[in-house]
Structure formats: C-alpha cells, structure tokens
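Residues per chain are reported as follows:
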Amino acid sequence: MRKKKEGSFLPKWKAGGVLAALVAALAVYGILIRLEKNILTQYEKGTVYTAVVEIPKGQMITEENFTDYFREQQLDKSCIPEEALYSPGQITGLVASFDIGKGVLLAQGMFETMEDILVGMECPVIAGLKAEDLYQVAGGVLRAGDRVNIYSVQEEGARLVWPRVFIQQAFDASGTAIANGDRTTAAQRVNVYLDESEAAQFYAALAEGSLRVVKICE
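Residues numbered from 1 in each chain as written. Predicted model: local features only at pLDDT ≥ 70, side-chain atom pairs only at ≥ 80, totals over all residues. Heavy atoms only, no water.

Taken as a whole and judged by the stated rule, the model has 6 aromatic pairs. Relative to phenylalanine 70, the ring of phenylalanine 66 lies with its centre 5.0 Å away and its plane at 50°, an arrangement referred to as tilted. Of the two residues, phenylalanine 66 and phenylalanine 70, both sit in the buried class. A centroid spacing of 6.1 Å and a plane angle of 35° characterise the contact between phenylalanine 166 and tyrosine 193, whose relative ring orientation is tilted. One end of the pair, phenylalanine 166, is in strand 7 (residues 157-171); the other, tyrosine 193, is in strand 8 (residues 189-195), with 27 residues separating them in the sequence. Across this residue pair, the class does not change: phenylalanine 166 and tyrosine 193 are buried. Here the aromatic cluster, defined as three or more aromatic residues joined through ring pairs, consists of Tyr49, Phe66, Tyr69 and Phe70. (Phe/Tyr/Trp six-rings, centres within 6.5 Å; stacked < 30°, edge-to-face > 60°. Buried < 20%, exposed > 50% of the residue type's maximum accessible area, 1.4 Å probe, protein only. Helix = DSSP H or I, 4+ residues; strand = E, 2+ residues; numbered from the N terminus.)

Next up on the list: the pattern of salt bridges. Taken as a whole, this structure holds 7 salt bridges when the rule is applied. When the shortest N-O distance is used, the salt bridge between lysine 77 and glutamate 44 registers 3.5 Å. Pair noted here: lysine 77 is in the loop between strand 2 (70-76) and helix 3 (88-91) and glutamate 44 is in the loop between helix 1 (12-42) and strand 1 (45-51), with a separation of 33 residues, a long-range link. Exposure remark for lysine 77: the relative accessible area of 44% places this residue in the partly exposed category. The salt bridge partner of aspartate 146 is lysine 57, with a shortest N-O separation of 3.6 Å. Here the residue aspartate 146 occupies a position in the loop between strand 5 (124-130) and strand 6 (147-154), and lysine 57 occupies one in the loop between strand 1 and helix 2 (66-69), the gap between them amounting to 89 residues. Taken as a pair, aspartate 146 and lysine 57 share a single burial class, namely buried. In this structure, a network of salt bridges that share partners links the residues Glu54, Asp99 and Arg183. (Salt bridge = Lys/Arg side-chain N within 4 Å of Asp/Glu carboxyl O.)

Quick look at the sheet that holds strand 5 now. Strand order in the open sheet made by the 5 strands is 5-8-7-6-9, with antiparallel pairing throughout. Among the strands making up the open sheet, the edge pair consists of strand 5 and strand 9 (211-215). Between one strand axis and the next, the sheet turns by 45° as a mean value, whatever way the strands run. Taken together, the 7 bridges between strand 6 and strand 7 define a ladder with antiparallel strand orientation. Bridge pairing in strand 7 links valine 153 to alanine 158. Packing against the sheet, helix 5 (residues 199-208) makes contact with strand 5, strand 6, strand 7, strand 8 and strand 9, and its axis sits at approximately 0° to strand 5. (Pairing = 2+ DSSP bridges. Axes fitted to C-alpha atoms, helices over the stretch in contact; angles between N-to-C directions. Contact = heavy atoms within 4.5 Å.)

The buried fraction of strand 8 is high, at 6 of 7 residues. The sheet contact formed by strand 5 and strand 8 spans 7 bridges and is antiparallel. Paired with isoleucine 126 across the strands is tyrosine 193, a residue of strand 8. For strand 7 and strand 8, the ladder comprises 4 bridges, and the chain directions are antiparallel. Counterpart to isoleucine 167 in the pairing with strand 8 is valine 192.

Below, the structure written as structure tokens:
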C-alpha cells in the first residue's frame, strides 16, 4: 500500500474552512475599522466662539474689540449648530441685534449686518440730532442699535417722516459717547443713518424744533 506523502495539502473541506474563516475575519476587521471611524467622526472637534462678557444690543464688533467680547472654544462637531459663527471674519463688522449673555455660543441670528441696516439707501450718511428737552428723544433712553420713528410735529398734528431709523451712536448733554451697556446716563444727542437725499429735509425740520423721536420696542 502506498504511503501518504509528508507535507501534502489539507483536505479540500479543511482548506475551505480556513478560507471562510479568513474571509470572516477580514469582514469583521473592516466593520471594526468603519465603526472606529464613525465613533471618531462623532467626536471630531470644531471651532466656535462664545461671549466672554455680556454684549449689549447695538454693539458693533470690530477687529479692535473682538477679543474683548469673544473667546474661541473647541466643541464636538456633533454639538455645533449649523448657524454657529466659527471665524473672526464672520463676526467682524456685525452689530448685536439684542443683549447677548455671557457664555452664549454665537449664531447668525444674533447679529445684523451693515447691509441690513442700510438697506434701501443709495448714499448713506450719519446725521446728528440734539434735543433741547429729553421728552423729544424718548426721555433719554436711546442707545446705539435702537430703531426709532421720527415724527414732525406741526400745528395740524404729528406726521411720521422717517420710520425705523437706526441709531448709530448716542451721546449725553456734553457730547460724550454713551456705551451701549450704560443703562443710566440720559442720551440727549443721537446720530442716525439717513440717505443723503433726506439730509436737507431732516435739518430743516430740526431747525424748526419740530422733530420728535419715538423708540420702537423690539
């Protein structure tokens, strides 16, 4: 009887089993790799900005004051909303639409752009208004960022001339600028954005003493 040679191949059924085990192992390995990748992606970090201090309504963000108001933070990307602001270039030049609390994550809906503020103006200018009495300017509560209606008051009655005018800056009686966070100093002078074509009418009405400013509460 012929003896079985040493080193001969495994029976076919055993070789098939080894191959199947190898394929299964590779499949499991691939699944584990994909699972690990998905887990790592879930915890991938992204940059966001939060408020270091309270940002008052109407505050314009500039390159100079950026670090006074904002701090960079790293968060899991899965926790970052699509509207989040994630670079200084996105934030510089914006104006706070309302008071933003300390620690709040910044998002697009919290700010206005200058394009929003100056919409419809062909040639925007800044015009100044000084009130002889605080009742003419909403009792002195006006601050940068407020929206106001400006009326002309004549013997026949009051007429709305400039609706939803944006206050660019507010000043006290001596002409000192009032910070947006100052809630006590009375504003007696304000600068507003107007179209250049309206400036002559504005100053003519101002000279007559007929202008009254009403703050829009939003």
